[in-house]
Amino acid sequence: MSADTEQSQPKITLRYPVRTLDGLELLPAGAELTEDVMSEVAAKGIKVRHETCPLLEYGSIREDLKLFIKVPPYNKFFSSVSNMMALLKNLSKTFMPVPVLDTIKYFKRRDFYTYQHILVVFAISTAIARDLLGDSASVSDIAIVGPTHNIGKICVPVEILKKQTPLTAEEKDMIDHHTAAGYVLLSHYLGDHESLACRAARDHHERRDGSGGPRGVKQTDPLIDIITVSDIYDALISPRAYRPVSFDNRSAIEVLTDMASSGRIKWEPLRSIISRNRRPYVSDREANISREQRGSSPPGNVYDYIDDK
Ligand SMILES: [Fe+2]
């Protein structure tokens, strides 16, 4: 990034330290995530050699993912067998450093919502990427983002992640920390702070109109758009700690349509979701989208309608 570009970007200052699961502090609270600081985190990280392993071969991930996506509402999205086979081929090519895989195991044990969510986002985002990009190399880049985009949540106390009542301002700050923490953690583990996975961990709550966070910048990367839309879609159609009743599929798509209409997210990934939910199947290019809102938020939805916090 040029000095000029860097100067024009708002910087993130850490409100809390970033530590790995085994307690290594990568950066303290108060650190500013400048280009220099992040280059140093990545340079130090690359010196630590981490063994890698195929994601689907780690623990029970393959079996768990199959179980998650064969039941409603996901079974409709993944119903085509030929698409499913091609998708599994893509998914099976995803390798990750073992300490990153260990964070997935941590979520399975401590915060099952996050565990299911990151695996489902892995499958949904890779499927959308295949619809929009075919067999391009970018599909493999995206496949690593689903399971890692919320990795920074290992730095958030589990009681807060699982809290069922509205968060205090301090607790909200602690949750919001997960984007910056994920950026630092992945820069350390992948040794490249500019990689898609690192940027997506930082930017998946940014919006195209600048209304998101942590920096409030206009998110313009079309690959991160795919993750963002998959992330919101799954957050809506699955139960969460703070909202035990999920949105029905139709209402979720209407919420996304509203977000695309107002310029917060991109239309293309949403078209892919809609075409996969239509029977008979229509391609994402032919899917017409009604902007009429007919569904509603589920009862007990204390955070209004969106986001995985
Ligand atoms: Fe997130």
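Details of the structure are given in the entry above.
Residues numbered from 1 in each chain as written. Predicted model: local features only at pLDDT ≥ 70, side-chain atom pairs only at ≥ 80, totals over all residues. Heavy atoms only, no water.

## Looking at helix 10 (residues 169-190)
Quick reminder: α-helices carry 3.6 residues per turn. Residues three or four places apart thus point the same way. When the terminal C-alpha atoms of helix 10 are compared, their 32 Å separation across 22 residues agrees well with the 32 Å that a helix rising 1.5 Å per residue should span. Along helix 10, the largest kink reaches about 35° and is centred on T179. Most of helix 10 is tucked away, with 16 of its 22 residues classed as buried. (Helix = DSSP H or I, 4+ residues; strand = E, 2+ residues; numbered from the N terminus. Expected span 1.5 Å × (residues − 1). Bend = angle between axes of the 7 residues up to and from the residue. Buried < 20%, exposed > 50% of the residue type's maximum accessible area, 1.4 Å probe, protein only.)

## Examining the nonpolar core
In this structure, L33, F78, Y233 and L256 are the most contacted members of the largest nonpolar core, which totals 79 residues. Ranked by the residues each element gives to this core, the list is headed by helix 7 (residues 112-133), at 10 residues. In this structure F78 touches I69, M84, L87, A123, I124 and A127, once residues within four positions along its chain are discounted. With 7 residues, the next largest nonpolar core counts Y16, I160, L167 and M174 among its residues. (Core = buried A, V, L, I, M, F, W, Y, C linked by side-chain atoms within 4.5 Å. Contact = heavy atoms within 4.5 Å.)

## Quick look at the packing of aromatic side chains
Tallied over the full model, the rule gives 6 aromatic pairs. Ring centres of F68 and Y115 lie 6.0 Å apart, and the angle between their planes is 75°; this geometry places the pair in the edge-to-face category. Of the two residues, F68 sits in helix 3 (residues 61-69) while Y115 sits in helix 7, which places them 47 residues apart along the sequence. Y115 carries the same exposure label as F68, and that label is buried. Ring centres of F77 and F78 lie 4.8 Å apart, and the angle between their planes is 70°; this geometry places the pair in the edge-to-face category. Judged on exposure class, the residue F77 and its partner F78 are both buried. Lying over the aromatic face of Y183, R202 brings its terminal NZ or CZ to 4.7 Å of the ring centre. For R276, the ring lying beneath its charged end belongs to F77, and the centroid distance is 4.9 Å. (Phe/Tyr/Trp six-rings, centres within 6.5 Å; stacked < 30°, edge-to-face > 60°. Lys NZ or Arg CZ within 6 Å of the ring centre and 35° of its normal.)

## A look at the coordination of the iron ion
Geometry reference: four tetrahedral donors at a metal, ideal angle 109.5 degrees. Six octahedral donors, ideal angles 90 or 180 degrees. In the first shell of the iron ion, the protein supplies N150 (OD1), H178 (NE2), H204 (NE2) and H205 (NE2), at 2.2 to 2.3 Å from the metal. For the iron ion, the 4 donor atoms in the first shell make angles of 86 to 175° at the metal, so the coordination geometry reads as irregular. Each donor residue of the iron ion belongs to the same chain, and together they define the spacing N-x27-H-x25-H-H. Linking N150 in the loop between helix 8 (138-143) and helix 9 (158-161) with H178 in helix 10, this pair joins segments that are 28 residues apart in sequence. Both residues of the pair, N150 and H178, count as buried. (Donors = N, O, S within 2.8 Å, 3.2 Å for Na, K, Ca; no water. Tetrahedral: all angles 85-135°; square planar, octahedral: opposite > 155°, others 65-115°.)

## Quick word on helix 14 (residues 267-277)
The element helix 14 is extensively covered by neighbouring structure, given that 8 of its 11 residues are classed as buried. Looking at helix 14, one finds that the buried residues are P269, L270, S272, I273, I274, S275, R276 and N277.

## A closer look at the packing of helix 13 (residues 249-261) against helix 14
Two numbers describe how helix 13 lies on helix 14: the axes approach to 10 Å, and their chain directions differ by 160°. The pairing of helix 13 with helix 14 is recorded here as roughly antiparallel in orientation. Crossing of helix 13 over helix 14 shows left-handed handedness. Along the contact surface, helix 13 presents N249, I253, L256, T257, A260 and S261, while helix 14 presents W267, L270, I273, I274 and N277. (Axes fitted to C-alpha atoms, helices over the stretch in contact; angles between N-to-C directions. Parallel < 35°, antiparallel > 145°, perpendicular 65-115°, else oblique. Left-handed = near helix turned anticlockwise from the far one by under 90°.)

## Examining a positive patch on the surface
A cluster of basic residues, K105, R109, R110 and K162, forms a positive patch on the protein surface. Locating K162 in the fold gives a position in the loop between helix 9 and helix 10. The exposure class assigned to K162 is partly exposed, which follows from its relative accessible area of 40%. (Patch = residues over 30% accessible without salt bridge, like charges linked within 9 Å, V, L, I, M, F, W, Y side chains within 5 Å. Areas by Shrake-Rupley, 256 points an atom, 1.4 Å probe, with all protein chains shown as cover. Salt bridge = Lys/Arg side-chain N within 4 Å of Asp/Glu carboxyl O. Lys, Arg positive; Asp, Glu negative; His and termini not counted. Charge placed at Lys NZ, Arg CZ, Asp CG, Glu CD.)

## Remarks on the pattern of salt bridges
Enumeration according to the criterion identifies 15 salt bridges in this entry. Across the salt bridge formed by E57 and R62, the nearest N and O atoms sit 2.6 Å from each other. Taking the relative accessible area as the measure of exposure, R62 reaches 23% and is therefore partly exposed.

## A word on the side chain of T103
Among the structural elements, T103 can be located in helix 6 (residues 98-110). Dropping the residues within four chain positions of it, T103 is found in contact with L21, I151 and I154.

## Some thoughts on the packing of helix 7 against helix 14
For the pair helix 7 and helix 14, interaxial distance at closest approach is 9 Å and the crossing angle is 105°. Our classification of the angle between helix 7 and helix 14 gives roughly perpendicular. The segment helix 7 lies against helix 14, with A127, I128, D131 and L132 engaging E268, P269, S272, I273 and R276. Residue composition of the contact of helix 7 with helix 14, grouped by class: 5 nonpolar, 1 polar and 3 charged. (Nonpolar A, V, L, I, M, F, W, Y, C, P; charged D, E, K, R; others polar.)

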